[in-house]
Amino acid sequence: MCGICGIAGDASRERLESMLATLVHRGPDSGGSHVDGPVALGARRLSIIDLAGGDQPIANEDGSCVVVQNGEIYNYPELRRDLERRGHAFRTNCDTEVHLHLYEEYGVDYPELLRGMFAVALWDGARRRLVLARDPHGIKPLYYRDVAGTLEFASELRALPRGEIDLDALEAFLAFNSIPAPYSIFRDVRKLPAGHVLVREESGSVSLTRYSRPGPLAVRDDDDEAELVEELRARLRDSVRAHLLADVPVGVLLSGGVDSAVLAALAAQETSDAVHTFTIGFEERSFDERADARLVAERYGTDHHELLVRPEPQLLLETLADVFDEPFADSSALPTYLVSQLAAEHVKVALSGEGGDELFGGYYTYAADLLAERFGGLAGLARPLVERLPTSTARASFDYKAKRFVRAAHLPPLERHHGWKEIFAPGLRAELRGTASSFDPVDVYRARYAETAGAPELARLQDVDFGIYLVDDLLVKTDRASMANSLEARVPFLDSVVANFAFSLPTKHKVRGLSKKVLLRKAAEPLLPREVVHGRKRGFSIPAAAWLRGELQPFARATLSPETLRRQGFFDPAVVTRLIDEHANGVEDRSRQLWGLLAFTLWHERHVENDPPLLRSARMDALLV
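Let me begin by describing the structure that accompanies this report. All values derive from a computational prediction rather than experimental measurement.

Let us now look at the overall build of the protein chain. The helix and strand tally for the protein chain stands at 25 helices and 19 strands. Against the 2.2 N^0.38 benchmark of 25 Å for 625 residues, the protein chain shows a C-alpha radius of gyration of 24 Å, consistent with a compact globule. By its C-alpha atoms, the protein chain is 75 × 60 × 50 Å across when sized along the principal axes. Burial statistics for the protein chain: of 625 residues in total, 62% are counted as buried. For the protein chain, long-range pairs separated by at least 24 residues make up 73% of all intrachain contacts whose partners lie at least 6 apart in sequence. Looking at charge distribution, the protein chain has the averaged site of its 75 positive side-chain charges lying 4 Å from that of its 93 negative ones.

Bringing the pairing of strand β6 (residues 116–124) into the picture now. β6 sits mainly inside the fold: nine of its nine residues count as buried. Of the two faces of β6, the one lined by Gly-116, Phe-118, Val-120, Leu-122 and Asp-124 and the one lined by Met-117, Ala-119, Ala-121 and Trp-123 are each fully buried. Relative to β6, strand β5 (residues 65–73) runs antiparallel, the two being bridged by nine bridges. Directly across from Val-67, in β6, lies its bridge partner Leu-122. With six bridges joining them, β6 and strand β7 (residues 129–134) adopt antiparallel strand pairing. By the bridge assignment for β7, Leu-122 is matched with Val-131. Counting the residues in the hairpin turn of β6 and β7 gives four residues, including Arg-128, whose phi is positive at 55°.

Here the focus is the nonpolar core. One finds Leu-334, Phe-571, Trp-595 and Leu-597 to be the most contacted residues of the largest nonpolar core, which totals 90 residues. Dropping the residues within four chain positions of it, Leu-334 is found in contact with Phe-282, Leu-316, Leu-320, Ile-542, Trp-547 and Trp-595. Ala-133, Leu-232, Val-248 and Val-533 belong to the second-largest nonpolar core, a separate cluster that totals 82 residues.

All right, on to the packing of aromatic side chains then. Inspection of every chain in the model, using the stated rule, returns twelve aromatic pairs. Grouping aromatic residues by their ring pairs yields a cluster made of Phe-173, Phe-186, Phe-570, Phe-571, Phe-600 and Trp-603. Sitting above the plane of the Tyr-469 ring, Lys-421 keeps its charged end 5.0 Å from the centroid. A cation sits over an aromatic face here: Arg-460 above Tyr-449, 3.7 Å from the ring centre.

Strand order in this open sheet of six strands is β2-β3-β1-β9-β8-β10, and the pairing throughout is antiparallel. Because the sheet does not close on itself, it has two edges, and the strands there are β2 (30–36) and β10 (189–191). Going from strand to strand, the sheet's axes swing by 15° on average, the running direction of each strand aside. Bridging between β2 and strand β3 (residues 39–45) involves seven bridges; their strand directions are antiparallel.

In this section: the sheet that holds strand β17 (residues 488–490). The strand order across the open sheet built from five strands is β15-β14-β13-β16-β17, with neighbouring strands paired in parallel fashion. With partners counted over all chains shown, the strands left at the sheet margins are β15 (303–309) and β17, one partner each. Averaged over all pairs of adjacent strands, the angle between strand axes in this sheet comes to 30°, irrespective of strand direction. Along the sheet, helix α6 (residues 258–270) contacts β13 (250–253), β14 (276–282) and β16 (349–351); its crossing angle with β13, the most-contacted strand, is approximately 155°. Packing of helix α7 (residues 290–300) onto the sheet brings it into contact with β14 and β15, and relative to β15 it is tilted by some 175°.

One can describe the packing of helix α13 (residues 413–421) onto helix α15 (residues 442–450) by two numbers: an axis separation of 11 Å at closest approach and a directional angle of 130°. Considered as vectors, α13 and α15 are oriented oblique to each other. Relative to α15, the crossing made by α13 is right-handed. Across from Pro-413, Leu-414, Glu-415 and His-418 in α13, the residues of α15 making contact are Val-442, Tyr-445, Arg-446 and Tyr-449.

Position of Asp-472 among the secondary structure elements: in helix α16 (residues 457–483). Although Asp-472 is buried, it makes no salt bridge; Lys-191 carries the closest opposite charge, 5.2 Å away. Among the polar contacts listed, one links the side chain of Asp-472 to the backbone nitrogen of Ala-181, at a separation of 3.1 Å. Residues in contact with Asp-472, not counting those within four places in the same chain, are Ser-178, Ile-179, Pro-180, Ala-181, Lys-191, Phe-328 and Gly-467.

Looking now at helix α1 (residues 13–21). Taken together, the buried positions of α1 are Leu-16, Met-19 and Leu-20. Buried residues of α1, seen end-on, are gathered within an arc of 100° and therefore sit on one face of the element. Check the buried side of α1 and you find it contacts β1 (2–8), β2, β3 and β9 (150–154).

Our next topic: the pattern of salt bridges. Considering all chains together, one arrives at 56 salt bridges under this definition. Across the pair Glu-105 and Arg-86 runs a salt bridge, and its minimum N-O distance is 3.5 Å. Of this pair, Glu-105 sits in helix α3 (residues 98–106) while Arg-86 is found in the loop between α2 (76–85) and α3, placing the two residues 19 residues apart along the sequence. Among the ionic pairs, Glu-156 bridges to Arg-158, the shortest N-O distance being 2.8 Å.

We now examine unusual backbone geometry. Here the amide bond leading from Gln-56 into Pro-57 is cis, since omega sits at 0°, within 30 degrees of zero. Looking at where Pro-57 falls in the secondary structure, it is placed in the loop between β3 and β4 (58–59). In this structure, Pro-182 follows Ala-181 across a cis peptide bond, with omega equal to 5°. For Pro-182, the location among the structural elements is in the loop between α4 (167–176) and β10.

Glancing now at helix α5 (residues 225–243). An α-helical segment advances 3.6 residues per turn. Residues three or four places apart therefore align on the same side. Compared with the 27 Å implied by 1.5 Å per residue over 19 residues, the 27 Å span of α5 between its first and last C-alpha is a close match. Buried residues of α5: Leu-228, Val-229, Leu-232, Arg-233, Leu-236, Ser-239, Val-240, Ala-242 and His-243, and no others. Where α5 is buried, its residues touch α6, β16, α10 (356–360), β17, α17 (496–503) and α18 (518–524).

Quick notes on the rules
- Residues numbered from 1 in each chain as written.
- Predicted model: local features only at pLDDT ≥ 70, side-chain atom pairs only at ≥ 80, totals over all residues.
- Heavy atoms only, no water.
- Helix = DSSP H or I, 4+ residues; strand = E, 2+ residues; numbered from the N terminus.
- Rg over C-alpha atoms; globule rule 2.2 N^0.38 Å.
- Buried < 20%, exposed > 50% of the residue type's maximum accessible area, 1.4 Å probe, protein only.
- Contact = heavy atoms within 4.5 Å.
- Lys, Arg positive; Asp, Glu negative; His and termini not counted.
- Charge placed at Lys NZ, Arg CZ, Asp CG, Glu CD.
- Pairing = 2+ DSSP bridges.
- Core = buried A, V, L, I, M, F, W, Y, C linked by side-chain atoms within 4.5 Å.
- Phe/Tyr/Trp six-rings, centres within 6.5 Å; stacked < 30°, edge-to-face > 60°.
- Lys NZ or Arg CZ within 6 Å of the ring centre and 35° of its normal.
- Axes fitted to C-alpha atoms, helices over the stretch in contact; angles between N-to-C directions.
- Parallel < 35°, antiparallel > 145°, perpendicular 65-115°, else oblique.
- Left-handed = near helix turned anticlockwise from the far one by under 90°.
- Salt bridge = Lys/Arg side-chain N within 4 Å of Asp/Glu carboxyl O.
- Polar contact = N/O pair within 3.5 Å; in protein donor to acceptor, adjacent residues only side chain to side chain.
- Arc of directions from axis to C-beta.
- Expected span 1.5 Å × (residues − 1).

Here's what the structure looks like:
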């Protein structure tokens, strides 16, 4: 795992080194650079494979091509053997080098041959061509800025020049609590979308091509369920085995839910030494998953580490504002950061369960989607009663889900699906901003949804989540929270071996009534305790609603003070104060909206009003010692 950056057009070693300095937390083990006239590439390395010989940048046999990579290629041994048979000579045993020889052999289309997670930059000195590529599932990030004939790129936004706030991106943030690709919070900076290749030629022309688009496949309606269960278990085992490829120990982030528990079980079966597992819990019982995680750890004799968090929410919010290089308000980033911090004390690599819900139908919203098709009309009749339910601060409380359901059940499928999760509705966004935007963030969803016409309805909605929510929220969260602690997080569910199988499943194997992840749970039954297999949905989360009515409320009011909001100039202070009061008085659960406003305001203070902070992990301190 690494942080990469570079310049094409007006490069200097001094500028490159300043970019690299902002990415040291992503790669504290070593750093390197390559400058060739107007082009410069740089990398910070967290050494995982070929510890002694894998420093980057890496050049091909004659030095004409140079590459830097953030990620891991799991099929590189097979690719290397094939390339050696074709006459290519390798200098290292590092997976990064395979990019060079694949490019020499197949040109810019080579990324479609890769199995792994990657953001890569390759400089072809002979053709004076820069190639950027990102893995099909968007696991690894890559930002770029193409202004005045110079293209700059980096793993994190903090390495690139700041500019004007993109108001469309801000509108999307208010709708989603994250910013979808290709947008970034700055108008001049874009995200390279998942499954895309960017090519910059010597003339300065830039082209963007999609080389991979994972999504719904032909449905396997006739397959026997028992055979599908066995096949799924075999595919998961294959993926976990591939994701254990490393020259350092690999652990598992264990939330207590079925996804991460399956990974822990299979990892334990595939390794001779005890696997390290990590979990955290909170004193509020509905947010404490340590008991279920412990059941899995005890069953497999893992080297289990757990932490009961008695957090200082103010300090943690400020820390997250440093960690995330653009506004990000998924509150589960906080426990993900903490469990990554715990894991980084013991391992360099950890498996994580992202993708299981989107692929196998794990969200309550999917059950709601199917119920709304049958009972959506009745929801309007029940709404007056449901709206009178008292507001709870418990996790995924009945009143919260019921109110969300009756407010959106009458809408068309995509708008309804978004309505279950929407942060600020359009009217409230207009109040908050003082004007209605001409940009509708849901158009990002509509574009993705339109690509799957003809597929089963649930599969289309899962695909929207897979291509947008997963990529631009969950994987951003996991990448930044883990890399801030110099920890590589790997996601075995996002392997084509597993994903393509899930894309072909009929609805009945994913959601039946209120039962979710039907086939995955059946595949997990021989591996896990019943309490874990059939327990309610788990995942690292926090009691944000309770905090914002209690110990965090004074901090929220101070951070979102009228003076601060007027200085920054984005949100109406009177509307923000009203939202805080509504939440504090139990009128409405506004925790997700308030968390978003806090995240943006703290981010703006740290990344716009001041120079972006340099992150420092415990691993960096240990190396210095």
